[in-house]
Amino acid sequence: MTNPAQMQKASSIWRKKGYTVAFVPTMGALHDGHKALIERAVQLADRVVVSAYVNPAQFNSKGDFFRYPRRPNRDRQLAGRAGADIYFCPKTLYALDASTWVEEVNRSQGRCGARRRGHFRGVATVVVKLLSIVQPNWMILGEKDGQQCEVLERVARDLYLPVEILRHPTVREKDGLPMSSRNLRLTTSGRTCAGLWAGKVRDAARKGARVAVRNLRRSLRGQSSIRLEYAEVVGGKLWAAARVGNVRLIDHRKCDRP
């Protein structure tokens, strides 16, 4: 489906029939991490909706928005094989004169929020739109985007949205790199560096919260192909972002000790 009104009508019919609905919001370029979210949704609900919408409001540069990978035909097939009932890919969710935004101002601070101004406002706004359209009982999110999960949980709580948000553990590649649609943009050498980066985040977190940031920074000295954007310990976890080439990578790991 591409029409929001059509999607909303389908969901309303399901709810009137007493069916439960689970929703997996994505920006497309689906991978095995998304597949795991969809499969969990299938276990929970009578009907499953997967959305794929590259949301312009959450990008900090037009270049990044246009470079974001798009594979709609493959995505539709993957979603169907994983058990989704509807693959919802709207062309746009913003009127030309759109003037309404949703902004969370606590959990969006620091970490990625400090480096991507307006990013979480864009995320919160589009997800509230999608929830209004799909009307799910559950929304399944990947723990990889941990700060995003925190923001959306707070939005749902504060606005009394009738949805339960469930987190699914981060799905990783064999070398520990979190699965991400952005990984498709890595060159061969970049992919090797990304795996190295993920290992260094893991190892730094194992050293403990008090020294995790210092250890990560030290371990990346001399790694000119990995440009650390930030590293912070919040809530007993090491959160970090880096760039490999022009691809931004994020990760977080629980620290083994204080």
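The preceding data block contains the structure.
Residues numbered from 1 in each chain as written. Predicted model: local features only at pLDDT ≥ 70, side-chain atom pairs only at ≥ 80, totals over all residues. Heavy atoms only, no water.

1. Side note on helix α2 (residues 32-44)
- In a regular helix each residue adds 1.5 Å, so 13 residues correspond to 18 Å; α2 covers 19 Å between its end C-alpha atoms and thus fits that length.
- Along α2, the residues classified as buried are G33, H34, A36, L37, I38 and A41.
- As for α2, its buried residues are in contact with β1 (21-26), β2 (47-52), α4 (72-82), β4 (138-142) and β5 (164-168). (Helix = DSSP H or I, 4+ residues; strand = E, 2+ residues; numbered from the N terminus. Expected span 1.5 Å × (residues − 1). Buried < 20%, exposed > 50% of the residue type's maximum accessible area, 1.4 Å probe, protein only. Contact = heavy atoms within 4.5 Å.)

2. Quick word on the pairing of strand β7 (residues 237-244)
- The element β7 is largely enclosed, with a buried count of six among its eight residues.
- Bridge analysis of strand β6 (residues 227-234) against β7 gives seven bridges, and the strand direction is antiparallel. Across the sheet, residue V234 finds its bridge partner in β7, namely K237.
- Linking two consecutive strands that pair antiparallel, namely β6 and β7, is a turn of two residues; a positive phi of about 60 degrees is found at G235 within it.
- Summarising the sheet, β7 and strand β8 (residues 247-254) pair through eight bridges and their orientation is antiparallel. (Pairing = 2+ DSSP bridges.)

3. Quick notes on the environment of V102
- For V102, the position within the fold is in the loop between β3 (86-88) and α5 (112-115).
- V102 gets classed as buried once you look at its relative accessible area, which sits at 17%.
- For the pair formed by V102 and V126, sequence separation is 24 residues and the distance between their alpha carbons is 8.5 Å.
- In this structure, V102 is in contact with R121, A124, T125, V128, V155 and L159, ignoring residues within four places of it in sequence.

4. Digging into the pattern of salt bridges
- Using the criterion set out here, one finds 16 salt bridges in the structure.
- Linking K144 and D145 is a salt bridge whose minimum nitrogen-to-oxygen distance equals 3.1 Å.
- Owing to a relative accessible area of 25%, D145 belongs among the partly exposed residues under this scheme.
- Residue D175 is joined to R191 by a salt bridge in which the shortest nitrogen-to-oxygen separation is 2.8 Å. Note that D175 is positioned in the loop between β5 and α8 (188-206) and R191 in helix α8, a separation of 16 residues in sequence.
- Through salt bridges with shared partners, a single network forms among E143, E153, R167 and K237. (Salt bridge = Lys/Arg side-chain N within 4 Å of Asp/Glu carboxyl O.)

Without other data, these values stay purely geometric and don't point to any function.
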